[in-house]
Amino acid sequence: MLVLLGFAMIAVFMVLIMTKKLTPVLALIIVPTVFGLIAGAGLGIGDMVLESMKSMTSTAALLMFAIIYFGLMIDVGLFDSLVKFILRKLGNDPAKVVLGTAILAAAVSLDGDGSTTFILTTAAMLPVYLRLKMSPVVLTCVAGLANGTMNILPWGGPTARAATALHLDVNDVFVPMIPSLIAGLVVVFGFAWLLGLQERNRLRATAPEIWGTPDTVEPFTAEKFDGGASDGGTAAASAGTGRSGSRSPGTGSPAVGGYTPEGSSVAVLERTETLVDERDSAMADTALDPNRRTLRPKLFWFNFGLTVAVMVVLVANIVPLPFVFMVGSAIALLVNFPKVKEQGEQLIAHAPSIVAVVSMVMAAAVLTGVLKGTGMVEAMSAWLVQIIPSSMGPFMAVITGVLSIPMTFFMSNDAFYFGVLPVLSETAAHYGISAAEMARASITGQPFHLQSPLVPAILLLVSLAKVDLGDHHKKVLWRTAVVSLVMLGVGMLTGAIGIG
């Protein structure tokens, strides 16, 4: 009976949130409550939930103050200088532009918010892609790869969910996975460089009179591009942004050889003007607005040093992560916004993100509390142990890592981490595999997960870049699968993910 109720509860929970009948927070509260009462929990269900909630307070605090800290760093302009530095160093070489896109997306992903990462990346890089007549699909591909890999950061969501679902300290899950994260980023940057070389060769093949032949060793220069685009006006150049970020309203016809998606008859000039206008409108008074009043250029080195210090303490694991970000946020607020009114305004500005994430974590206590308190998890794991061949039991962590690739693509992180992972972990415990190892394995599928149409951020990315989701998937999915498998493999080599 408990086995049937357990699987039915998970199925109903997943269906409701995947079909958007309920928000994850409501589903996490209502569905377990109903099934817990059916299972006979009675008035004791409250104690089950509160007991589960005790182990989640540190995770909620970590997420809250990490969001505040990195939100502040974006507001004060810490990443603005990085954007300018990258653009200054890239020049007009497509290979460097694509690699720079990956580096920028990875850096901005430190704030743990995919939407922010994609807005910043497309705002900074899309004009460059269109100016050089590069494919925007390459931009979405490398941005998705970088953000998906960085999504295993403790404040990114999945790692916190895994730790919450299995009642673990988030440090125990993330820190041993740092080598896997580094390896994943190396693969991402490798893919980015190869994609950039492909774009360089494609441009030389389609417009050799501008870019030269594939054998040409001459560097890409702005003069060479502008000279080739002069026919009919400076359409491409004027449609994008130069190094100074200024824009002029191009009046000529599109240059020959510009990128146009398959099946699209929209000219490069029209697409560029529309995209840049949308970008300017979307970014008004936000992260890339050079006139926003929250900018603190004189405090750049202080904020940079503070962020480095926070990262060092985080990796060293000498102080609990929530306290690290509490202190870091307090110092950042005090120095950058010394007036009490400004401090309050900054906290309020990031309140929507905080409420959305923290409420989800606390609501998850209902699901995990009912699963454990009613005995559903134990009953379900016992049933799985009976049907899984004993020869496969010791490989449960590896199996979980492989399964996380497709499962997190077709279902939300909430459904997988709060519904499926606890059952798999309880099963693995029978074979001597720790919950921490299962949690680490479960997050290796995140690069693939971030490309799912169930993830709003990826829909935002392709929308901003005016890229078809199908075209994005053709280029990105197999590469993200490779990144996920590499992260899983490195985790096994370092012992972070073991075999029972």
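Above this text you will find the structure in question.
Residues numbered from 1 in each chain as written. Predicted model: local features only at pLDDT ≥ 70, side-chain atom pairs only at ≥ 80, totals over all residues. Heavy atoms only, no water.

Visitor: Help me out: how do you make sense of the overall build of the protein in this one?
Guide: Within the protein, the regular secondary structure consists of 26 helices and zero strands. Counting the 500 residues in the protein, one finds 54% classified as buried. When the accessible surface of the protein is split by element, carbon and sulfur atoms take 67% of a total near 20,200 Å². (Helix = DSSP H or I, 4+ residues; strand = E, 2+ residues; numbered from the N terminus. Buried < 20%, exposed > 50% of the residue type's maximum accessible area, 1.4 Å probe, protein only. Areas by Shrake-Rupley, 256 points an atom, 1.4 Å probe, with all protein chains shown as cover.)

Visitor: Teacher, can you tell me more about the pattern of salt bridges here?
Guide: Note on pairing: side chains with opposite charge can pair once their charged atoms come close. Evaluated as defined, the whole model comprises four salt bridges. The partner of Glu51 in a salt bridge is Lys54, with the nearest N and O atoms 3.6 Å apart. Of the two residues, Glu51 and Lys54 both sit in helix 3 (residues 45–54), three residues apart, roughly one turn of that helix. Overall, Lys54 belongs to the exposed group, its relative accessible area being 58%. Salt-bridge contacts for Arg202 lead to Glu199; the nearest nitrogen and oxygen are separated by 3.0 Å. Highlighted residues: Arg202 and Glu199, both in helix 11 (residues 178–206), separated by three residues, approximately one helical turn. Its relative accessible area of 6% is what places Glu199 among the buried residues. (Salt bridge = Lys/Arg side-chain N within 4 Å of Asp/Glu carboxyl O.)

Visitor: Is there a simple way to think about unusual backbone geometry in this case?
Guide: Phi is mostly negative for residues that are not glycine, and the peptide bonds are mostly trans. Here His167, not a glycine, exhibits a phi torsion of approximately 55 degrees, which is positive. Relative to the assigned elements, His167 resides in the loop between helix 9 (158–165) and helix 10 (170–174).

Visitor: Teacher, can you tell me more about the side chain of Arg296 here?
Guide: Mapped onto the elements, Arg296 comes out in the loop between helix 15 (268–283) and helix 16 (300–316). Within the buried core, Arg296 has no salt-bridge partner, and the shortest N-O distance to an opposite charge, that of Glu342, equals 4.0 Å. Here Arg293 takes part through its backbone oxygen, which lies 2.9 Å from a polar atom of the side chain of Arg296. Sequence-distant contacts of Arg296, defined by excluding residues within four places in its chain, comprise Val76, Asn336, Phe337 and Glu342. (Lys, Arg positive; Asp, Glu negative; His and termini not counted. Polar contact = N/O pair within 3.5 Å; in protein donor to acceptor, adjacent residues only side chain to side chain. Contact = heavy atoms within 4.5 Å.)

Visitor: Quick question: what am I supposed to make of the packing of aromatic side chains here?
Guide: To describe a pair of aromatic rings, one takes the distance between the centres and the angle between the planes. Applying the stated rule across the entire model yields seven aromatic pairs. Centre to centre, the rings of Trp301 and Phe304 are 5.8 Å apart; their planes meet at 85 degrees, and the pair counts as edge-to-face. Taken together, the residues Trp301 and Phe304, both in helix 16 and three residues apart, mark about one turn of the helix. It is Arg479 that lies over the ring of Phe191; its NZ or CZ is 5.7 Å from the centre. (Phe/Tyr/Trp six-rings, centres within 6.5 Å; stacked < 30°, edge-to-face > 60°. Lys NZ or Arg CZ within 6 Å of the ring centre and 35° of its normal.)

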